[in-house]
Each structure stands twice: as C-alpha cells, then as structure tokens.
Amino acid sequence: MIVFSTIFAATTNSVTHSLTAGISFRQILFLKCLGGLLVLVVWQRSNFFNIWRSKLLPYHALKGFMGALGNWAWISALQHVPLAKATSLSLLSSLFTSL
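Residues numbered from 1 in each chain as written. Predicted model: local features only at pLDDT ≥ 70, side-chain atom pairs only at ≥ 80, totals over all residues. Heavy atoms only, no water.

The secondary structure content of the protein chain amounts to four helices and zero strands. Counting from the amino terminus, helix and strand elements in the protein chain follow one another as α-α-α-α. If you take every contact in the protein chain between residues at least 6 apart in sequence, the share linking residues at least 24 apart comes to 73%. With the model as given, the accessible surface of the protein chain reaches about 7700 Å², and the carbon-plus-sulfur share is 74%. (Helix = DSSP H or I, 4+ residues; strand = E, 2+ residues; numbered from the N terminus. Contact = heavy atoms within 4.5 Å. Areas by Shrake-Rupley, 256 points an atom, 1.4 Å probe, with all protein chains shown as cover.)

Time to look at a nonpolar patch on the surface. There is a patch of nonpolar side chains on the surface, built from F30, L31, L34, L37, L38, L40, W43, F49, I51 and W52 and spanning about 1100 Å² of accessible area. Along the chain, L31 falls in helix α2 (residues 25–43). (Patch = residues over 30% accessible without salt bridge, like charges linked within 9 Å, V, L, I, M, F, W, Y side chains within 5 Å. Salt bridge = Lys/Arg side-chain N within 4 Å of Asp/Glu carboxyl O.)

So, about the packing of α2 against helix α3 (residues 57–78). Running from amino to carboxyl end, α2 crosses α3 at an angle of 135°, the nearest separation of the two axes being 10 Å. With respect to α3, the element α2 is oriented oblique. In this structure, α2 crosses over α3, and the sense of that crossing is right-handed. When α2 is examined against α3, the residues F25, I28, L29 and K32 are found in contact with a partner set consisting of A68, N71, W72, I75 and S76. The residue makeup of the contact of α2 with α3, split by class, is six nonpolar, two polar and one charged. (Axes fitted to C-alpha atoms, helices over the stretch in contact; angles between N-to-C directions. Parallel < 35°, antiparallel > 145°, perpendicular 65-115°, else oblique. Left-handed = near helix turned anticlockwise from the far one by under 90°. Nonpolar A, V, L, I, M, F, W, Y, C, P; charged D, E, K, R; others polar.)

Taken residue by residue, the protein chain gives an average pLDDT of 77. The fraction at 70 or more is 90%. Looking across the protein chain, the model is least confident in helix α1 (residues 2–19), with a mean pLDDT of 72, and most confident in α3, with 83. (pLDDT = per-residue confidence, 0-100.)

Taking 1.5 Å of rise per residue, the 19 residues of α2 would be expected to cover 27 Å, and the 27 Å separating its terminal C-alpha atoms lies within 8% of that figure. All of the buried residues along α2 are F25, I28 and L29. The buried residues of α2 all sit within an arc of 100° when viewed along its axis, so they share a single face. Facing away from the buried side of α2 by more than 90 degrees, the exposed set consists of R26, F30, L31, L38 and V42. (Expected span 1.5 Å × (residues − 1). Buried < 20%, exposed > 50% of the residue type's maximum accessible area, 1.4 Å probe, protein only. Arc of directions from axis to C-beta.)

This is the structure:
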C-alpha cells in the first residue's frame, strides 16, 4: 500500500507541476479536493449522509481544513521547485509518514 501511494503521489505531483504553467494553484487545489470528494462519495455512497450525524464533526472539519491548507502549501511550492526535486520529495514522503 505504501508503494502504491508513493507512485500515486509522484504521479499527481508530476501532473500538478506540469499544469502550473497555465492554471492557478487555487484551481488545481479545487480540482484536487473535488476529485477527493467524488471518490469519497462513490466509496461511501450508502453512508455518505450519516457522516453529518457524527459527534466528531468539528474535528473532521478541522482535519479537512488542515489537509486543504497543507495541499495549498504543497501545490504552491511545486510551482517554484524543479520537477526532479519535487519528485524526490514526494517519494520520500512515504518514508517520513512511516517514521
């Protein structure tokens, strides 16, 4: 699973880096979050509306906000970092996660 997530992250970072020439980082962030929401809706289609009944909803909202903030920082940084360094950082992210 770590290998798959690393390959997926490297691919999305490469695509994000190549798209930054003509698209604003805000648009890329919106499309990335929209894609994640669509995957979540399809995956949890039978329980999707039960999510709003959770007692931990403020914590989930905070986690989502912090994830969006982290994605914003990463996508903004990808615009200024060469592709080779961005790929190596994304490949090392699984190592940092496992530590």
